[in-house]
Amino acid sequence: MISPLAYIHPEAKIGENVEIGPFVFIDKNVVIGDNNTIMPNANILYGSRIGNNNRIFPGAVIGAIPQDLKFRGEETTAEIGDNNTIRENVTINRGTAAKGKTIVGNNNLLMEGVHVAHDTIVGSGCIIGNSTKMAGEVIIDDNAIVSANVLMHQFCRVGGYVMIQGGCRFSKDIPPYIIAGREPIAYSGINIVGLRRRGFSNELIENIHNTYRIIYNSGKNVSDALQQVREEVPMTPEIEYIVSFIENSGRGIIR
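Residues numbered from 1 in each chain as written. Predicted model: local features only at pLDDT ≥ 70, side-chain atom pairs only at ≥ 80, totals over all residues. Heavy atoms only, no water.

**Looking at unusual backbone geometry**
Right, so step 1: Cis geometry is adopted by the peptide bond preceding Pro-184, which originates at Glu-183 and carries an omega value of 0°.
Right, so step 2: Tracing the backbone shows Pro-184 in the loop between strand 26 (178–181) and strand 27 (186–190).
Right, so step 3: With a phi angle near 60°, Asn-35 is a residue other than glycine that sits in the positive phi range.
Right, so step 4: Checked against the element boundaries, Asn-35 lands in the loop between strand 5 (31–32) and strand 6 (37–38).
Right, so step 5: A positive phi angle is found at Tyr-161, which is not glycine, with a value near 65°. (Helix = DSSP H or I, 4+ residues; strand = E, 2+ residues; numbered from the N terminus.)

Listed below in structure tokens is the structure:
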């Protein structure tokens, strides 16, 4: 199942039942698990770690050195989990000394032309649309949906279960469970459809809605609004996640 036209460095470690198409390049210091499909012209470069049951489409480049002038050739990795679909021309750079690794979790769909920069962490169950670009050290929590042509500033964090409108750009954090869109990007309500599809109860959705009503519409500053949330909204794990996310936001949240 390995094309004779592929190049595989003799030090690369390849698991069982791996299909490797013609003109694939696999560098040294690469570990690839079982049951992966690597299609023609994909490049798996130094420091790549790939789990099981992934599909990597033509032209994808995993493990290229960071596009960061501070990079000095340090030993770092680009780590891909299991059951991911990585479409054409996706680029996933390896880490720098800052964190040492770039991580893509499990069960993600990265559509054509997505760029995952150095030290970025993409959770699990995410869908990232065509040509979306993540700068360095971005964090995307689980089950986020990011539409096409979205531009993310370095160090931003995207909360879980969000929906981000196509064509947006942002330099602040996007808290969980919401829809973000417009220009400039702004809170546009909670992701009701997505939450229902994920099995959130009507009561929990209402509590999430009330939390954001207080945060965005009470006229209070963030600290006072979060204190009101603690006093008025039942503190389930989901509400605690929202509060913790905002309290620990390094860049502040979108308006």
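**Structural notes on the pattern of salt bridges**
Right, so step 1: Tallied over the full model, the rule gives six salt bridges.
Right, so step 2: Between Glu-88 and Arg-87 there is a salt bridge whose closest N-O contact spans 2.9 Å.
Right, so step 3: Glu-88 gets classed as partly exposed once you look at its relative accessible area, which sits at 24%.
Right, so step 4: Across the pair Arg-230 and Glu-247 runs a salt bridge whose closest N-O atoms are separated by 2.1 Å. Taken together, the residues span a long stretch of sequence, with Arg-230 in helix 3 (residues 222–232) and Glu-247 in helix 4 (residues 237–247) at a distance of 17 residues.
Right, so step 5: A relative accessible area of 35% places Arg-230 in the partly exposed class. (Salt bridge = Lys/Arg side-chain N within 4 Å of Asp/Glu carboxyl O. Buried < 20%, exposed > 50% of the residue type's maximum accessible area, 1.4 Å probe, protein only.)

**Overview of the nonpolar core**
Right, so step 1: Core analysis: the biggest nonpolar cluster contains 66 residues, and Ile-92, Ile-140, Ile-164 and Ile-208 have the highest contact counts within it.
Right, so step 2: Listed by contribution, the elements that provide at least two residues to this core are strand 11 (77–80), strand 26, strand 27, helix 2 (202–217), helix 3 and helix 4.
Right, so step 3: Among the elements that make up this core, the one with the highest residue count is helix 2 (six residues). (Core = buried A, V, L, I, M, F, W, Y, C linked by side-chain atoms within 4.5 Å.)

**Details of the packing of helix 3 against helix 4**
Right, so step 1: Contact geometry for helix 3 and helix 4: axes closest at 11 Å, N-to-C directions at 165°. When the interaxial angle is binned, helix 3 and helix 4 end up roughly antiparallel. Of the two elements, helix 3 crosses helix 4, and the hand of that crossing is left-handed. Packed against helix 3, whose contacting residues are Val-222, Leu-226, Val-229 and Arg-230, the element helix 4 presents Ile-239, Val-243, Ile-246 and Glu-247 at the interface.
Right, so step 2: Taken together, the residues that form the contact of helix 3 with helix 4 break down as six nonpolar, no polar and two charged. (Axes fitted to C-alpha atoms, helices over the stretch in contact; angles between N-to-C directions. Parallel < 35°, antiparallel > 145°, perpendicular 65-115°, else oblique. Left-handed = near helix turned anticlockwise from the far one by under 90°. Contact = heavy atoms within 4.5 Å. Nonpolar A, V, L, I, M, F, W, Y, C, P; charged D, E, K, R; others polar.)

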